[in-house]
Each structure stands twice: as structure tokens, then as C-alpha cells.
Amino acid sequence: MMSRIVQVLSCLLVLASAVLGKNQQAWSRYTYNDEPFSLKCKSDNYTATALDTITWTRHGMSGELKTNDHYELRAVGGVPNMELYFKNVDDALHGIYVCHIKDSNQEEQDAIVMGVNWGTRRYHEDIDKFRDQIIVGAIAACCTFVFIIAIGLISHFRYLSEESLEKRRNRKELRLGRENGLGNQGYAGEMADRNPQTNGSGVMETSYVHF
């Protein structure tokens, strides 16, 4: 019965932290990554002795925690497994941990819920705390800028209004007309220089220059 209550409590803590959006929870302990850390199974309602049995579990994982490459169960004050020692904390070890205290009759007397870097962690430098957010924000801003520019170019070259298209056609026709007009005038001037002038009767007119 007690284990089921602990499971429900752990789920509620996860949901509450997600809904409230709080970075720090009163039941969570915070430390630096890449450093050792430890949790102690201290109960306000029950004093554990050497005759009691203490086990540790992690929310989202089945089975009891054992001494391995990540954890070490240590005795404190003659009580076995009183301390859960983290050999080297990293992001993979962040989460919710529960220590269960059973008496000599194997009846559970208490269960203490504790978090390790739940929602955040400690940083040696303030800039480290916001580095990931800064990088993500810069990338998002660049992507947004590129997207806006692309949409603007597409709208300018592909989705012009009928009025804009008409103005563009008119400017093009006007430019071509001017170019053709200048070409015709040049051709007419050149032919005039080559061909002598005649009068109305077909007689060639000769121009004299008097000195």
C-alpha cells in the first residue's frame, strides 16, 4: 500500500512541476554536473536503525538501485544503505529518487521522495546556465530571418499583382520603343548622308559653297 502511495506521489510531483513550470522544487537537491553527490534517507516520522531495511528506487525505472558504475549504497551510523552516493552526476542521473524504510517485520514505515537536479542544476558560471538558451535563440532568430526574406523574395518575383505586372509590361514596352526609335533615327540619318538630294522633278540638286 505504501509503495503505491509513493508511486502516486511521485507522479503528482512530476505533473505539478511541469504544470507550475518551477525550476526549483523544495524536495529536490541541486548540484554541479561531473561531481560526486549523495542523498541520505532521513525521515521526519521514523528513525531507522541497523535492524531496519533501506532500499532505493528511481522514478521511471523498475527494481531497486544497486551499487554499480553510477551509484554506491553506503552505511551511515551503522544503518546499511542509508546513503545513496553518486559517483559522478550527469544529465542522465537527474531525476526523482525514493528511499523506502522497512522495519524488522518488513513493514514499510516511511518513504522519502527526493530529486536530483530536477528541472535545473547548479552552474559554476552564470553564462553556462543560459548558454543553451542563447544558442537556441540565435538559431531560431536566424531561421526566422531567412524565412521572412525568402517569403519576401517569392512574393516579389512570383506573386505580383495585376497592376504591378501591367506597369512592368508598360515599362518594358516603353524601353523597347525608345531603343527602336533611336535605331530608326540613326539609320535615317546615315541614308541621308549617303543619298544626294533631288528636287521634285527628279533632277539632282547640287549644293554650292561660296567662299
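Every value quoted in this text rests on a predicted model; they were computed, and no experiment measured them.

How each quantity is defined
Residues numbered from 1 in each chain as written. Predicted model: local features only at pLDDT ≥ 70, side-chain atom pairs only at ≥ 80, totals over all residues. Heavy atoms only, no water. Helix = DSSP H or I, 4+ residues; strand = E, 2+ residues; numbered from the N terminus. Contact = heavy atoms within 4.5 Å. Areas by Shrake-Rupley, 256 points an atom, 1.4 Å probe, with all protein chains shown as cover. Disulfide = S-S within 2.5 Å. Salt bridge = Lys/Arg side-chain N within 4 Å of Asp/Glu carboxyl O. Buried < 20%, exposed > 50% of the residue type's maximum accessible area, 1.4 Å probe, protein only. Pairing = 2+ DSSP bridges. Axes fitted to C-alpha atoms, helices over the stretch in contact; angles between N-to-C directions. pLDDT = per-residue confidence, 0-100. Core = buried A, V, L, I, M, F, W, Y, C linked by side-chain atoms within 4.5 Å.

Take the overall build of the protein next. Within the protein, the regular secondary structure consists of three helices and seven strands. Shown N-terminal to C-terminal, the secondary structure of the protein runs as helices and strands in the order α-β-β-β-β-β-β-β-α-α. A separation of at least 24 residues holds for 59% of the contacts in the protein among residues at least 6 apart in sequence. Summed over all atoms, the accessible surface of the protein reaches about 15500 Å², with 55% contributed by carbon and sulfur.

In the structure shown here, the tally under the stated rule is one disulfide. In this model, Cys41 is linked to Cys99 through a disulfide, with the two sulfur atoms separated by 2.1 Å. Taking the sign of the S-S torsion, about 80° here, the bridge from Cys41 to Cys99 comes out right-handed. Of the two residues, Cys41 sits in the loop between strand S2 (37-40) and strand S3 (53-58) while Cys99 sits in strand S6 (residues 95-102), which places them 58 residues apart along the sequence. Distance from the sulfur of Cys143, which forms no disulfide, to the nearest cysteine sulfur (Cys142) is 6.9 Å.

What the rule picks out here adds up to two salt bridges. One salt bridge in this structure joins Lys66 and Glu64, with 3.5 Å as the shortest N-O distance. Accessibility expressed as a relative area gives 52% for Lys66, which makes it exposed. With a shortest N-O distance of 3.4 Å, Arg74 and Glu72 are connected by a salt bridge. Judged by its relative accessible area of 27%, Glu72 is partly exposed.

Relative to the elements of secondary structure, Thr55 occurs in strand S3. Aside from chain neighbours lying at most four places away, what touches Thr55 is Glu64, Val98, Cys99 and His100.

So, about the sheet that holds S2. Pairing is antiparallel in the open sheet, where three strands are placed in the order S2-S5-S4. The sheet terminates laterally at S2 and strand S4 (71-76), the two strands that pair on one side only. For this sheet, the mean inter-axis angle between neighbouring strands, taken without regard to orientation, is 35°. Two elements, S4 and strand S5 (residues 79-86), share five bridges in a ladder whose sense is antiparallel. Across the sheet, the residue bridging to Tyr71 is Phe86, located in S5.

On to the confidence of the model for the protein, then. In the predicted model, the protein carries a mean pLDDT of 75, and the fraction of residues at 70 or more is 62%. A low-confidence stretch, residues 16-25 (pLDDT under 50), is modelled with 12 contacts involving residues beyond four sequence positions or located in other chains. Taken together, the stretch residues 198-211 has pLDDT below 50 and engages in seven contacts with residues farther than four places along the chain or on a different chain.

This part takes up the sheet that holds S3. Overall, mixed pairing links the four strands, which are arranged S1-S7-S6-S3 in an open sheet. If you trace the sheet from one side to the other, it starts and ends with strand S1 (28-29) and S3, each paired once. In this sheet, strand S7 (residues 108-116) lies alongside S1 in parallel orientation, the contact comprising two bridges. Of the residues in S7, the one forming a bridge with Ser28 is Gly115.

Formed by 21 residues in total, the largest nonpolar core has its most connected members in Leu39, Cys41, Ile54, Trp56, Leu84, Phe86 and Tyr97. Ranked by the residues each element gives to this core, the list is headed by S5, at four residues. Those residues in contact with Cys41 that lie beyond four places of it in its chain are Ile54, Trp56, Met82, Cys99, Ile101 and Ile112. Listed in part, the five residues of the second largest apolar core include Ile96, Val98, Ala111 and Val113.

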